[in-house]
Amino acid sequence: MPRWLAVTIENSVESLNRVFHLLRRRHLPVGAISMCRTEDPQDLRLLIPVDPARVDPQRVRANLEKLLCVKAVEDWGERPLVIRDMALVKVRAPAEAWVEIAQLAEFYRARIVDVGPETLIVEVTGSAEKVDSCIARLQRFGVVEVTRSGPMAMIRGQGEAAPAERVAEAAA
């Protein structure tokens, strides 16, 4: 089970470059990193899954905190999380297959978000296993293209993440 690090950085290409360069230069084995804007448009949040069997999450955290562009690093440790993946899947869909694809989408609680003359785009969200399973089932129709978000995570319920200012002050 990965440990999740939520890293808040300045919203710039240079900041992203510094973080990825550090991870590569230090040979820090991390999983699929997802990135999004935060509630503050000046910031980006990187969600970095770290496998504790391969590297100490505190080592990754300590390295990240050395970068000036990093505003905060939170180790979500054992906190209860909601973790979701999302994919857009473009499928070959002759008219006679639409009903079957729609039923499959309904089974996975997915949505058909675009209908073209020869293709459909299906949006599926959920656990990585659910997304993988849906894509595998759509293969028989002919998957043309897949785009995945990577894992996204958020702390459940009232276990709110500390604001970046408090975390930065605690680190100083």
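Below is a summary of the structure that appears in this document. Note that the coordinates shown come from a computational prediction; the quantities given were computed from them, not determined experimentally. (Residues numbered from 1 in each chain as written. Predicted model: local features only at pLDDT ≥ 70, side-chain atom pairs only at ≥ 80, totals over all residues. Heavy atoms only, no water.)

### Re a nonpolar patch on the surface
At step 1: A surface patch of nonpolar side chains, amounting to about 250 Å² of accessible area, comprises Trp98, Ile112 and Val115.
At step 2: Its place among the elements puts Ile112 in strand S6 (residues 111-115).
At step 3: By relative accessible area, Ile112 is classed as partly exposed at 33%. (Patch = residues over 30% accessible without salt bridge, like charges linked within 9 Å, V, L, I, M, F, W, Y side chains within 5 Å. Areas by Shrake-Rupley, 256 points an atom, 1.4 Å probe, with all protein chains shown as cover. Salt bridge = Lys/Arg side-chain N within 4 Å of Asp/Glu carboxyl O. Helix = DSSP H or I, 4+ residues; strand = E, 2+ residues; numbered from the N terminus. Buried < 20%, exposed > 50% of the residue type's maximum accessible area, 1.4 Å probe, protein only.)

### Observations concerning the side chain of Ser15
At step 1: Looking at the secondary structure, you find Ser15 in helix H1 (residues 13-25).
At step 2: For Ser15, a relative accessible area of 0% corresponds to the buried category.
At step 3: Sequence-distant contacts of Ser15, defined by excluding residues within four places in its chain, comprise Ile9, Glu10 and Cys69. (Contact = heavy atoms within 4.5 Å.)

### Looking at the packing of aromatic side chains
At step 1: Tallied over the entire structure, the rule returns one aromatic pair.
At step 2: Consider the rings of Phe107 and Tyr108, whose centres lie 5.1 Å apart with planes at 85 degrees: the pair is edge-to-face.
At step 3: Its relative accessible area of 60% is what places Phe107 among the exposed residues. (Phe/Tyr/Trp six-rings, centres within 6.5 Å; stacked < 30°, edge-to-face > 60°.)

### Regarding the sheet that holds strand S3 (residues 43-50)
At step 1: The strand order across the open sheet formed by four strands is S2-S3-S1-S4, and the pairing between neighbours is antiparallel. For this open sheet the edge positions go to strand S2 (34-37) and strand S4 (70-75), each flanked by a neighbour on one side alone. The mean inter-strand angle of the sheet, taken between neighbouring strand axes irrespective of direction, is 20 degrees.
At step 2: Of the pairings in the sheet, the one linking S2 to S3 comprises four bridges and is antiparallel in character. Paired with Ser34 across the bridge in S3 is Leu47. (Pairing = 2+ DSSP bridges. Axes fitted to C-alpha atoms, helices over the stretch in contact; angles between N-to-C directions.)

### Notes on the environment of Glu129
At step 1: Here Glu129 is to be found in helix H4 (residues 128-138).
At step 2: Between the C-alpha atoms of Glu129 and Asp85, which are 44 residues apart in sequence, the distance is 9.0 Å.

### Focus: helix H2 (residues 57-65)
At step 1: Listing the buried residues of H2 in full gives Pro57, Val60, Asn63 and Leu64. Projected down its long axis, H2 shows its buried positions confined to an angular sector of 125 degrees, all on one face.
At step 2: Where H2 is buried, its residues touch strand S1 (3-10), H1, S3 and S4. (Arc of directions from axis to C-beta.)

### Let's talk about a positive patch on the surface
At step 1: A surface patch of like charges, here positive, comprises Arg24, Arg25, Arg26, Arg59 and Lys66.
At step 2: Position of Arg26 among the secondary structure elements: in the loop between H1 and S2. (Lys, Arg positive; Asp, Glu negative; His and termini not counted. Charge placed at Lys NZ, Arg CZ, Asp CG, Glu CD.)

### Side note on the pattern of salt bridges
Opposite charge on two side chains permits them to pair, given that their charged atoms come into close proximity.
At step 1: Enumeration according to the criterion identifies nine salt bridges in this entry.
At step 2: One continuous salt-bridge network, built from bridges that share partners, spans Asp85, Asp132 and Arg148.

### A few points about the pairing of strand S7 (residues 119-126)
At step 1: Where strand S5 (residues 81-92) meets S7, eight bridges bridge the pair, whose relative direction is antiparallel. Bridged to Arg92 within S7 is Thr119.
At step 2: As judged from the four bridges shared by S6 and S7, these two strands associate in the antiparallel manner. By the bridge assignment, Asp114 is partnered in S7 with Ile121.
At step 3: The turn linking S6 back onto S7 is made up of three residues.

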